[in-house]
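A closer look at the structure
Below are the chains, spelled out letter by letter.
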Amino acid sequence: SLDMLGTGLESRDYIHVNDVAQAIYLLALKKPDWAICNVANGEEINIRRATELFAYSAGVSRDRISFSDVLREGDPLNLRADITRLQSLGWRKTIALEYGLKDYFT
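In this text, all values refer to a predicted model and were calculated from it rather than measured experimentally.

About the thresholds
Residues numbered from 1 in each chain as written. Predicted model: local features only at pLDDT ≥ 70, side-chain atom pairs only at ≥ 80, totals over all residues. Heavy atoms only, no water. Core = buried A, V, L, I, M, F, W, Y, C linked by side-chain atoms within 4.5 Å. Buried < 20%, exposed > 50% of the residue type's maximum accessible area, 1.4 Å probe, protein only. Contact = heavy atoms within 4.5 Å. Salt bridge = Lys/Arg side-chain N within 4 Å of Asp/Glu carboxyl O. Helix = DSSP H or I, 4+ residues; strand = E, 2+ residues; numbered from the N terminus. Phe/Tyr/Trp six-rings, centres within 6.5 Å; stacked < 30°, edge-to-face > 60°.

On to the nonpolar core. Residues Ala23, Leu26, Ala40, Ile83, Leu86, Leu89 and Trp91 constitute the largest nonpolar core, which totals 7 residues. Setting aside chain neighbours within four positions, we find Leu26 in contact with Leu89, Gly90 and Trp91. If you look at the next biggest cluster of nonpolar residues, it comprises 5 residues, including Leu2, Ile47, Ile65 and Phe67.

To continue, consider the pattern of salt bridges. The final tally for this structure, using the stated rule, is 3 salt bridges. With its nearest N and O atoms 2.9 Å apart, the salt bridge here joins Glu43 to Lys93. On the criterion of sequence distance, the pair formed by Glu43 in the loop between helix H1 (17-30) and strand S3 (45-46) and Lys93 in the loop between helix H3 (84-88) and helix H4 (97-105) is long-range, its members being 50 residues apart. Given the relative accessible area of 41%, Glu43 is considered partly exposed. For the salt bridge of Glu52 with Arg62, the shortest nitrogen-to-oxygen distance reads 3.2 Å. Highlighted residues: Glu52 in helix H2 (residues 47-58) and Arg62 in the loop between H2 and strand S4 (65-67), separated in sequence by 10 residues.

With that out of the way, let us pick up unusual backbone geometry. Positive phi is not limited to glycine here, since Lys31 has a value of about 45°. Inspection of the secondary structure assignment puts Lys31 in the loop between H1 and S3. With relative accessibility at 66%, the residue Lys31 sits in the exposed group. In this structure, Asp69 takes a positive phi of about 65° despite not being glycine. Note on placement: Asp69 falls in the loop between S4 and H3. Judged by its relative accessible area of 55%, Asp69 falls in the exposed class.

Before going further, it helps to examine the packing of aromatic side chains. Under the criterion given, the structure shown has 2 aromatic pairs. Summarising the aromatic geometry, the rings of Phe54 and Phe105 are spaced 5.2 Å apart at their centres and angled 80° between planes, so their arrangement reads as edge-to-face. With Phe54 in helix H2 and Phe105 in helix H4, this residue pair connects regions lying 51 residues apart in the sequence. We classify Phe105 as partly exposed; its relative accessible area is 32%. A centroid spacing of 5.0 Å and a plane angle of 90° characterise the contact between Tyr104 and Phe105, whose relative ring orientation is edge-to-face. For Tyr104, a relative accessible area of 65% puts it in the exposed group. Put simply, the rings of Phe54, Tyr104 and Phe105 touch in pairs and so form one group of aromatic residues.

Rendered as structure tokens:
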């Protein structure tokens, strides 16, 4: 079973490691004049959906997912990165979460 903290309605901004590598390469190649750049997808996905995608990819039934309804102190409810700077360099996501998980488990 997958025993998760929270309600499942919290959200995060997940990114595939290949897209991270592509972003780092692009930053090194373009050498922008700013020192800080968010590397993420710029898209929120709620934890419940991400867990369901993970379970499906791992062959775990959805009915084996449970949420504690307990939030960890200090954890934000929602995270979504502003990737305007990264996109201005021409970066685009190449691997969606569901495909990255599918590849991981195959």
